[in-house]
Amino acid sequence: MLTTVSKYLDQHADRFLEELKEFLRIPTVSADPECKPHLIRGAEFVYKQLADLGMKAEIVPTAGHPIVYAEWLGAPGAPTVMVYGHYDVQPPDPLDLWTTPPFEPTVRDGKLYARGATDDKGQVFTHIKSAEAWLKTVGKLPVNLKYVIEGEEEVGSRNLEDFLAARKESLSCDVAVVSDTSQYAPNQPAITYGLRGILAVEVTVTGPKKDLHSGVFGGAVMNPATGLARMIASLHDDHGRVRIPGFYDAVQPLSDAERQQFLDLNFDEAAFKAELGISEVFGEEGFTTLERRWARPTCEVNGLVSGYTGVGPKTIVPSKATVKITCRLVPTQDPHQLTEALHQYLKAQCPPSLSFEFTSYHGCPAFVFDPNSPYIEAAAEAIREAWGVQQVRLIREGGSIPVVQTFKDVLGVDTLLLGWGQNTDNLHSPNEHFSIADFHRGTKASASLWAKLAAMQGDGSAASAANVC
Ligand code: BES
Ligand code: ZN
């Protein structure tokens, strides 16, 4: 990368951090209808960042939260790169576990703490600041850039596909770049070539029409909390396998080569257990922890509510019980088909005296990208340069980013998943943070990536595959 660009990123690093803090102060919780005005402010913040760089930018309203679109097309003949990110964040709850409030960004020990710091405001910001550095020094970028920054990723990207389909022609590009994943470990940057898919549902079972005195009525009616607990318990067998009929039918087994590749990453299970505060790992029998996290399907309870949850005792039989469930999916499981299979299975398990209500929220399939693509080599070179390391790991991850499959289906392009964060950044948890050093290196890797992708045009490759493993 040009030294002027790199220097600009160094000289303006403090200001970038202040601007990121301003972004993080906006509580853009997409799941919370009360945050709607804040999501609009979040979109306006992103719009202004891009428009101030002279890009053609717009805020596109959707049935949900707005999408920010911006483009810089001043490099005719050079590749066109789609940058995707999200400005929405997960709910900050439980609030009492935050050391400093989630929407008051605070620096401690070289880390910036706030909801969205790593997922995804801090990460997406690196791709805005890298463009700024090129435009303010060289006056132009080596590639054409199209930005799609949405506000509904954390609730399943439900309006994004229509946006992409409606603008299919004007959004055409060569490759997409997304920084919304993690490094393999501190100072071990990685390119992610696979993500799990997801399906998300909620089930409510109802017994008596109101809460009842458990002494007067208990023992004579089915308790909805007990009934739901039995239904949930029926989701897994004693070997950690999911019991929904047909659940594993479409699962592609891992090849021996890929299993070996996972083993070669020398996953540190002791450190993993210590980090999470658990005494034993747990999961589907016959698979390693990395396989369970990256390449096997799961069924998880995300939330469970029934009866009295306040302080002290209360003697009731609750009227209702609700569970939120997500399944993580792997190639080639179908989210729609499995949502229906889950629906039918739980309905069949529901005690006859309870009424059953099922809501499907969202779903997306798993995504696996060709790890031998020349784009991966170009990205690896940019990351090696920014991190000053010899090796960039090739990994899969267990989270989901619904748009990557849509990019493939609608625009026909692959996505480079370049994570600058860490799995230990507390994403979706209290005290989410992003290392300031990773933020800074992310801006450098992004700036370098534009040059590496531009250089690929000639010979179709930019780096040696030997550096990627
Ligand atoms: N950044 C995450 C996805 C992620 C995290 C991928 C870590 C790999 C490693 C993303 O913002 C996210 O949380 N996505 C949701 C998607 C869902 C709500 C459709 C997820 O995975 O739960
Ligand atoms: Zn997330």
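So, a few notes on the structure that sits alongside this text. (Residues numbered from 1 in each chain as written. Chains lettered and ligands numbered in written order. Predicted model: local features only at pLDDT ≥ 70, side-chain atom pairs only at ≥ 80, totals over all residues. Heavy atoms only, no water.)

1. Re the overall build of the chain
Part 1 of the argument: Within the chain, the regular secondary structure consists of 13 helices and 18 strands.
Part 2 of the argument: The C-alpha radius of gyration computed for the chain amounts to 23 Å, which stays within 12% of the reference 23 Å derived for 469 residues, consistent with globular compactness.
Part 3 of the argument: Along the first, second and third principal axes, the C-alpha set of the chain runs to 80 × 50 × 45 Å.
Part 4 of the argument: Counting all 469 residues of the chain, 55% fall into the buried class.
Part 5 of the argument: Sequence-distant contacts, at least 24 apart, represent 80% of the contacts inside the chain between residues at least 6 apart. (Helix = DSSP H or I, 4+ residues; strand = E, 2+ residues; numbered from the N terminus. Rg over C-alpha atoms; globule rule 2.2 N^0.38 Å. Buried < 20%, exposed > 50% of the residue type's maximum accessible area, 1.4 Å probe, protein only. Contact = heavy atoms within 4.5 Å.)

2. Brief notes about the coordination of the zinc ion (ligand 2)
Part 1 of the argument: Within the protein, Asp119 (OD), Glu154 (OE), Glu154 (OE) and His428 (NE2) serve as the donor atoms for the zinc ion (ligand 2), at 2.0 to 2.7 Å.
Part 2 of the argument: Given a relative accessible area of 40%, His428 falls into the partly exposed group. (Donors = N, O, S within 2.8 Å, 3.2 Å for Na, K, Ca; no water.)

3. What to know about the packing of aromatic side chains
Part 1 of the argument: For the structure on display, the rule yields 15 aromatic pairs.
Part 2 of the argument: Between Tyr8 and Phe16 the ring centres are 6.5 Å apart and the planes differ by 45°, which places this aromatic pair in the tilted class. Like Phe16, Tyr8 is buried.
Part 3 of the argument: Aromatic side chains Phe367 and Phe369 sit 6.4 Å apart centroid to centroid with 15° between the ring planes, which places their arrangement in the stacked category. When sorted by exposure, Phe367 lands in the same class as Phe369, which is buried.
Part 4 of the argument: Three or more aromatic residues joined by ring pairs form one cluster here, namely Phe23, Phe45, Phe125, Phe434 and Phe439. (Phe/Tyr/Trp six-rings, centres within 6.5 Å; stacked < 30°, edge-to-face > 60°.)

4. Details of the environment of Phe16
Part 1 of the argument: Tracing the sequence through the fold places Phe16 in helix H2 (residues 13–24).
Part 2 of the argument: Taking the relative accessible area as the measure of exposure, Phe16 reaches 1% and is therefore buried.
Part 3 of the argument: Distance from Phe16 to Phe439, taken between C-alpha atoms, is 9.5 Å for residues 423 residues apart in sequence.
Part 4 of the argument: Excluding residues that lie within four positions of it along the chain, Phe16 makes contacts with Tyr8, Leu9, Phe125, Lys129, Glu132 and Phe439.

5. Looking at the site of ligand 1
Part 1 of the argument: Close to ligand 1 lie 17 residues; Glu153, Asp180, Arg328, Ser400 and His428 are nearest.
Part 2 of the argument: At a separation of 3.1 Å, an oxygen atom of ligand 1 approaches a polar side-chain atom of Glu154.
Part 3 of the argument: Between His428 and ligand 1, the recorded distance is 2.8 Å, taken from a side-chain N or O atom to an oxygen atom.
Part 4 of the argument: Considering ligand 1 on its own, with 510 Å² of exposed area, one finds that the protein chains cover 92% of that surface.
Part 5 of the argument: In the shell around ligand 1, the residues fall into 4 nonpolar, 7 polar and 6 charged. (Near = heavy atom within 4 Å. Polar contact = N/O pair within 3.5 Å; in protein donor to acceptor, adjacent residues only side chain to side chain. Areas by Shrake-Rupley, 256 points an atom, 1.4 Å probe, with all protein chains shown as cover. Nonpolar A, V, L, I, M, F, W, Y, C, P; charged D, E, K, R; others polar.)

6. Quick word on the packing of H2 against helix H4 (residues 117–137)
Part 1 of the argument: In the contact formed by H2 and H4, the axes pass within 10 Å of each other and the chain directions differ by 135°. By the angle between their directions, the pair H2 and H4 is classed as oblique. As for how H2 packs across H4, the hand of that crossing is right-handed. In this structure, H2 uses Arg15, Phe16, Glu19, Leu20, Phe23 and Leu24 to contact H4, whose residues at the interface are Ala117, Lys121, Gly122, Val124, Phe125, Lys129 and Glu132.
Part 2 of the argument: Of the residues assigned to the contact of H2 with H4, the class counts are 7 nonpolar, 1 polar and 5 charged. (Axes fitted to C-alpha atoms, helices over the stretch in contact; angles between N-to-C directions. Parallel < 35°, antiparallel > 145°, perpendicular 65-115°, else oblique. Left-handed = near helix turned anticlockwise from the far one by under 90°.)

7. What about the nonpolar core?
Part 1 of the argument: In this structure, Tyr147 and Trp450 are the most contacted members of the largest nonpolar core, which totals 104 residues.
Part 2 of the argument: Apart from the residues lying within four places of it in its own chain, the contact partners of Trp450 are Val81, Val83, His127, Ser130, Ala131, Trp134, Leu141, Pro142, Val143, Leu145 and Val177.
Part 3 of the argument: In terms of nonpolar packing, the next biggest core, distinct from the first, is built from 28 residues, Leu235, Ile244, Leu338 and Ala341 among them. (Core = buried A, V, L, I, M, F, W, Y, C linked by side-chain atoms within 4.5 Å.)

8. Some thoughts on the sheet that holds strand E5 (residues 111–113)
Part 1 of the argument: Taking strand neighbours across the sheet as the criterion, the 3 strands line up as E4-E5-E18 in an open arrangement whose pairing is antiparallel. Looking along the sheet, the strands with just one partner apiece sit at the ends: strand E4 (106–108) and strand E18 (433–435). For this sheet the average axis-to-axis angle between neighbouring strands, irrespective of direction, equals 25°.
Part 2 of the argument: As paired elements, E5 and E18 share 3 bridges and run antiparallel to each other. Looking at E18, one finds that Tyr113 is bridged to His433.
Part 3 of the argument: Sheet strands touched by H2: E4 and E5. Its angle to E5, the strand with the most contacts, is close to 20°.
Part 4 of the argument: Along the sheet, H4 makes contact with E5 and E18, crossing E18 at roughly 45°. (Pairing = 2+ DSSP bridges.)

9. With respect to the sheet that holds strand E14 (residues 355–364)
Part 1 of the argument: Taken in spatial order, the 4 strands line up as E11-E13-E9-E14 in an open sheet, and their pairing is antiparallel. Sheet topology places strand E11 (298–306) and E14 at the edges, where each strand pairs with a single neighbour. When strand polarity is set aside, the average angle formed by the axes of neighbouring strands in this sheet is 15°.
Part 2 of the argument: Where strand E9 (residues 197–206) lies against strand E13 (residues 320–329), 10 bridges are found, and the strand directions are antiparallel. Bridging across to E13, Val205 finds its partner in Ala321.
Part 3 of the argument: Its contacts with the sheet place helix H10 (residues 335–349) against E9, E13 and E14, and it is angled at close to 165° to E14.

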